[in-house]
Amino acid sequence: MNETEIKYLAGLLDADGHIGFAYGQNRVRLEITLNAADSIDQKGYVLALPALTGFGSSCTKSKRVATWGQVHQWRVASRRDINMLVPRLLKHMVIRGRHLERMYDQWLHYDGHVVDEMTKNQLKEFVAASRRGTGPVKAKKHPTWAWTAGYLDGDGSFIYKKAPSQKSPRMLVQATCHEMDRPGIDLLHKAFGGNIYNRGKHGTHILDWRHALGIKNQQFAEHFLSKIVQHSKLKKHKIEQLLAHVHSRTRTD
């Protein structure tokens, strides 16, 4: 994969990836997995990742509730793949970068050694603590377009709704995350403006970053969407719909 594709993958993993330890034959191994519902990954991007990247394997799994459909999963676990992929991802991840770096270093420490039950329990506690420490390995001044597209393909929504009573459709881009993972939306807010809202209930803190794409934001909408659409793999059609409407406003004017 070229660097632009790695940046996109880093964004998607920041949103929907999982980094954890697996145990077998008293050994520990580091695993990176990425899941996407087949309703979102309609063209099978996640399933194609072993061929696109040269790393890992992919499969389709059923969700716990049959009516929810299926999930496409990409899994990277071999020593060779982990050692080649992790250094490339670390440069570009915004949310799980520090977590991945800590997990990788810990795995290197135990790789090839027998781990007993006490050590496994200690590692489980380590994983939980590490996951709470989010952020990039090195501070980011601005998100790359490829990372932004990957992150929004995972945790983002591109909203286009038109009620009969409205003259113009409601158009906006939104990203949703737990407060623990807010480095991603903080970077989007810093780079693109918009607003961050807390809509958590019962002690949970769920955050939304939103930026309007309506006629009052014509210049931003045209520039932002035209950049994101070049990199999106999972929500490209929705972005194209929004962009077509944005362009139609220019022609009408």
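Everything below is about the structure shown above.
All of these numbers come straight from a predicted model, not from anything done at the bench.

K.L.:
Quick rundown of the packing of helix H4 (residues 97–110) against helix H5 (residues 117–132)? Include the residues and the values.
P.N.:
At a closest axis distance of 9 Å, the pairing of H4 and H5 adopts a crossing angle of 160 degrees. Taken together, the axis directions place H4 and H5 in an arrangement best described as roughly antiparallel. Read as a crossing pair, H4 and H5 show a hand that is right-handed. Residues His 99, Arg 102, Met 103, Gln 106 and Tyr 110 of H4 pack against Thr 119, Leu 123, Phe 126, Val 127, Ser 130 and Arg 131 of H5. Considered class by class, the residues forming the contact of H4 with H5 number 5 nonpolar, 4 polar and 2 charged.

K.L.:
Account for the pairing of strand E1 (residues 17–24), naming residues and giving values.
P.N.:
Across 8 bridges, E1 lies against strand E2 (residues 27–37) in antiparallel orientation. Across the sheet, residue Ile 19 finds its bridge partner in E2, namely Ile 32. Hairpin connection between E1 and E2: a loop of 2 residues separates the two successive antiparallel strands, and Gln 25 in this loop has a positive phi of roughly 55 degrees.

K.L.:
Before we move on, could you go through the pattern of salt bridges and cite the residues and values that matter?
P.N.:
For side chains of opposite charge, pairing can occur when their charged atoms come near one another. Counted under the stated rule, the structure contains 11 salt bridges. Among the ionic pairs, Arg 131 bridges to Asp 181, the shortest N-O distance being 2.9 Å. With a gap of 50 residues between them, Arg 131 in helix H5 and Asp 181 in the loop between strand E6 (170–178) and helix H7 (183–192) connect regions that are remote in the sequence. As far as burial versus exposure is concerned, Arg 131 and Asp 181 are alike and both buried.

K.L.:
I'd like a description of the sheet that holds strand E4 (residues 70–76), backed by residues and values.
P.N.:
Taking strand neighbours across the sheet as the criterion, the 4 strands line up as E1-E2-E4-E3 in an open arrangement whose pairing is antiparallel. Since the sheet does not close on itself, it has two edges, and those belong to E1 and strand E3 (57–62), each with one partner. Averaged over all pairs of adjacent strands, the angle between strand axes in this sheet comes to 35 degrees, irrespective of strand direction. Each of E2, E3 and E4 touches helix H2 (residues 45–53); the most contacted strand, E4, lies at about 25 degrees to it.

K.L.:
Let's hear about helix H3 (residues 79–90): which residues, and what values?
P.N.:
In this model, H3 (12 residues) spans 17 Å end to end at C-alpha, consistent with the 16 Å of a helix rising 1.5 Å per residue. Those residues of H3 that sit buried are Asp 81, Ile 82, Leu 85, Val 86, Leu 89 and Leu 90. On an axial view of H3, the arc spanned by its buried residues comes to 120 degrees, and they lie on one face. On its buried side, H3 packs onto helix H1 (3–16), E2, E4 and H4.

K.L.:
So what's going on with the environment of Ser 78? Residues and values would help.
P.N.:
Structurally, Ser 78 is set in the loop between E4 and H3. Accessibility expressed as a relative area gives 34% for Ser 78, which makes it partly exposed. Once the C-alpha coordinates of Ser 78 and Leu 47 are considered, the two residues, 31 residues apart in sequence, prove to be 18 Å apart.

Criteria and cut-off values
Residues numbered from 1 in each chain as written. Predicted model: local features only at pLDDT ≥ 70, side-chain atom pairs only at ≥ 80, totals over all residues. Heavy atoms only, no water. Axes fitted to C-alpha atoms, helices over the stretch in contact; angles between N-to-C directions. Helix = DSSP H or I, 4+ residues; strand = E, 2+ residues; numbered from the N terminus. Parallel < 35°, antiparallel > 145°, perpendicular 65-115°, else oblique. Left-handed = near helix turned anticlockwise from the far one by under 90°. Contact = heavy atoms within 4.5 Å. Nonpolar A, V, L, I, M, F, W, Y, C, P; charged D, E, K, R; others polar. Pairing = 2+ DSSP bridges. Salt bridge = Lys/Arg side-chain N within 4 Å of Asp/Glu carboxyl O. Buried < 20%, exposed > 50% of the residue type's maximum accessible area, 1.4 Å probe, protein only. Expected span 1.5 Å × (residues − 1). Arc of directions from axis to C-beta.

Keep in mind these numbers describe shape, not what the thing actually does.
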